[in-house]
Amino acid sequence: MSQDMSEENLPERRSSEGHEVAVHADPFADPGLPPHEVRRTDIDERAAKRAERQVALLFTVSMLATAAFIASYVSFSPHKIVFVWPFGHVSILNFALGITLGVALFCIGAGAVHWARTLMSDVEVADERHPIESSDEVRNKVIADFKQGAAESGFGRRKLLRNTLIGSMALVPLSGVVLLRDLGPLPEKKLLHTNWNDATAAQPIKLVSMNTDLPLKAEDITVGSLVFAKPEGLSEDAENFQEAIAKDAVMLVRIAPQDIKDRASRDLGFEGILAFSKICTHVGCPISLYEQQTHHVLCPCHQSTFDLSDGARVIFGPAGHPLPQLAIKTDTQGNLIATGDFNAPVGPSYWERA
């Protein structure tokens, strides 16, 4: 900018038409608080009562939604799939839990906002900045302001609002308490047994191919092969198929009898055919990698390695237990059958395991 330019010609000194314009001496002057506008609920008690009922209705809907959340959790199966427009096919349990919990939380928030905007005092109060350390006068003022705010909110005077707010806030945490149920199984014996436990000597269960659903014969299992099996009657269309196959899946391997190191494991098999759980004892991943020369199976998740020729003993990795083994034999038609459950609980180790 030239040193000779007059301040009279600066842009802020002239308008677009060349006339002089007024410039405020302090561009950062405090404009002050806007004038307070009285709301209808401040002067009309009927309007205030109507707003009070509206807020109470929102809190009541929140309580009903929380009750519906708990009822949905108890009533709906986690495996049931339904069509809901426009979402498509969804889990009825997840859909119901999401809708009910969302309504419960939304109604509490909407009720609180409506309460604040219509019934609580909306007078703006300016307060000067003060040192971090508060004096006795400041503390007394804060307490007095809090009491004044509590009185102006109507929390003590409007019992309907207070009681419904307390009710909705008290019930919402129950949603989280109910969800604690999914942290682990109830103290039962569900993890100790699989569907193979239904097999008996009088009524054995056939081993069927995982791919063809056809019964497996001893002659179908060749040395060096790995075959996956499941209990007869377990259909992929069953509602609890995923839960069942997570424990019932079996892998069959045939090893020359003289190469089987563990005598107890050899006795549970049939002519070198051994049936082990397909579920890794580390975190429950499905095992599928087999080295036929060493008779080792490898879990693809964390590389736990089991020696099938030695009772599926862990030889590498984080798994803490050998793979459970299923006792098998053949029926009169040569089909492989099981007469009982695995010799140990299937899946990851847990402290309650006997």
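See the structure above.
Residues numbered from 1 in each chain as written. Predicted model: local features only at pLDDT ≥ 70, side-chain atom pairs only at ≥ 80, totals over all residues. Heavy atoms only, no water.

Remarks on the side chain of T281
Working step 1: Note that T281 resides in the loop between strand 6 (273-277) and strand 7 (289-291).
Working step 2: Here H321 takes part through its backbone oxygen, which lies 2.6 Å from a polar atom of the side chain of T281.
Working step 3: Apart from the residues within four sequence positions on either side, T281 is in contact with F306, A319, G320, H321, P322, L323, P324, G347, P348 and S349. (Helix = DSSP H or I, 4+ residues; strand = E, 2+ residues; numbered from the N terminus. Polar contact = N/O pair within 3.5 Å; in protein donor to acceptor, adjacent residues only side chain to side chain. Contact = heavy atoms within 4.5 Å.)

Some points on the packing of aromatic side chains
Working step 1: Inspection of the entire model under this criterion finds two aromatic pairs.
Working step 2: Relative to W115, the ring of F59 has its centre 6.5 Å away and its plane inclined at 65 degrees; by these criteria the two rings are edge-to-face. Separated by 56 residues along the polypeptide, F59 in helix 2 (residues 45-75) and W115 in helix 3 (residues 92-118) bring together distant segments of the chain.
Working step 3: Residue placement shows K278 over the ring face of F228; its charged tip is 3.6 Å from the ring centre. (Phe/Tyr/Trp six-rings, centres within 6.5 Å; stacked < 30°, edge-to-face > 60°. Lys NZ or Arg CZ within 6 Å of the ring centre and 35° of its normal.)

Observations concerning the sheet that holds strand 6
Working step 1: A barrel is described by the order of its strands in space; here six strands give the closed sequence 3-4-5-6-11-12, paired in antiparallel fashion. Put simply, the sheet's adjacent strands are angled 40 degrees from each other on average, direction ignored.
Working step 2: Taken together, the two bridges between strand 6 and strand 11 (residues 325-330) define a ladder with antiparallel strand orientation. If you follow A275 over to strand 11, its bridge partner there is L326. (Pairing = 2+ DSSP bridges. Axes fitted to C-alpha atoms, helices over the stretch in contact; angles between N-to-C directions.)

Things to note about the packing of helix 2 against helix 5 (residues 159-171)
Working step 1: Between helix 2 and helix 5, the least distance of the axes is 9 Å, while the angle of their chain directions is 20 degrees. Relative to helix 5, helix 2 is oriented roughly parallel. For the element pair helix 2 and helix 5, the recorded crossing hand is left-handed. On the side of helix 2, the interface is formed by E52, V55, A56, F59, T60, S62, M63 and T66, while helix 5 contributes L160, L161, T164, L165, G167, S168 and L171.
Working step 2: Tallied by class, residues from the contact of helix 2 with helix 5 come to eight nonpolar, six polar and one charged. (Parallel < 35°, antiparallel > 145°, perpendicular 65-115°, else oblique. Left-handed = near helix turned anticlockwise from the far one by under 90°. Nonpolar A, V, L, I, M, F, W, Y, C, P; charged D, E, K, R; others polar.)

Considerations on helix 2
Working step 1: Its 31 residues give helix 2 an end-to-end C-alpha distance of 44 Å, which sits within 8% of 45 Å, the value for a rise of 1.5 Å per residue.
Working step 2: A distance of 3.0 Å separates the backbone nitrogen of R46 from a side-chain oxygen at the start of helix 2, and that oxygen is part of D44. (Expected span 1.5 Å × (residues − 1).)

A short note on a nonpolar patch on the surface
Working step 1: Together, L174, V177, L180 and L183 make up an exposed nonpolar region whose accessible area comes to about 400 Å².
Working step 2: Note that V177 resides in helix 6 (residues 173-179). (Patch = residues over 30% accessible without salt bridge, like charges linked within 9 Å, V, L, I, M, F, W, Y side chains within 5 Å. Areas by Shrake-Rupley, 256 points an atom, 1.4 Å probe, with all protein chains shown as cover. Salt bridge = Lys/Arg side-chain N within 4 Å of Asp/Glu carboxyl O.)

A closer look at unusual backbone geometry
Working step 1: The peptide bond linking W85 to P86 adopts the cis configuration, its omega dihedral lying at 5 degrees.
Working step 2: With respect to the element layout, P86 can be found in the loop between strand 1 (81-84) and strand 2 (88-91).
Working step 3: With phi around 65 degrees, D213 is a residue other than glycine that occupies positive phi space.
Working step 4: Position of D213 relative to the elements: it lies in the loop between strand 3 (205-209) and strand 4 (226-231).
Working step 5: At A312, a residue that is not glycine, the phi angle is positive and equals roughly 60 degrees.
Working step 6: You can call A312 buried: its relative accessible area is 0%. (Buried < 20%, exposed > 50% of the residue type's maximum accessible area, 1.4 Å probe, protein only.)

Some thoughts on the pairing of strand 5 (residues 250-254)
Working step 1: In terms of residue burial, strand 5 counts as a mostly covered element, since five of its five residues are buried.
Working step 2: Burial along strand 5 is two-sided: the face carrying V250, L252 and R254 and the face carrying M251 and V253 are both buried.
Working step 3: Note: strand 4 against strand 5, four bridges, orientation antiparallel. When the bridges of strand 5 are listed, F228 appears paired with M251.
Working step 4: Sheet analysis places strand 5 next to strand 6, joined by five bridges and oriented antiparallel. Bridge pairing links M251 to F276 in strand 6.

Some words on the nonpolar core
Working step 1: Among the nonpolar cores identified, the biggest contains 20 residues, and W196, L207, V250, L252, L326, I328 and L336 are the most heavily contacted of them.
Working step 2: Elements with a minimum of two residues in this core: strand 3, strand 4, strand 5, strand 6, strand 11 and strand 12 (336-342).
Working step 3: Among the nonpolar cores identified, the runner-up in size contains 17 residues, and I260, C280, F306 and A319 belong to it. (Core = buried A, V, L, I, M, F, W, Y, C linked by side-chain atoms within 4.5 Å.)

What to know about the sheet that holds strand 9 (residues 305-307)
Working step 1: Strand order in the open sheet made by the four strands is 7-8-9-10, with antiparallel pairing throughout. Each of the sheet's edge strands pairs with one partner strand only, and the pair in question is strand 7 and strand 10 (313-316). Direction aside, neighbouring strands of the sheet carry axes that sit 30 degrees apart on average.
Working step 2: Here three bridges tie strand 8 (residues 296-298) to strand 9, and the two strands are oriented antiparallel to one another. Across the sheet, residue H296 finds its bridge partner in strand 9, namely D307.

What is shown is where atoms sit, not what they do.
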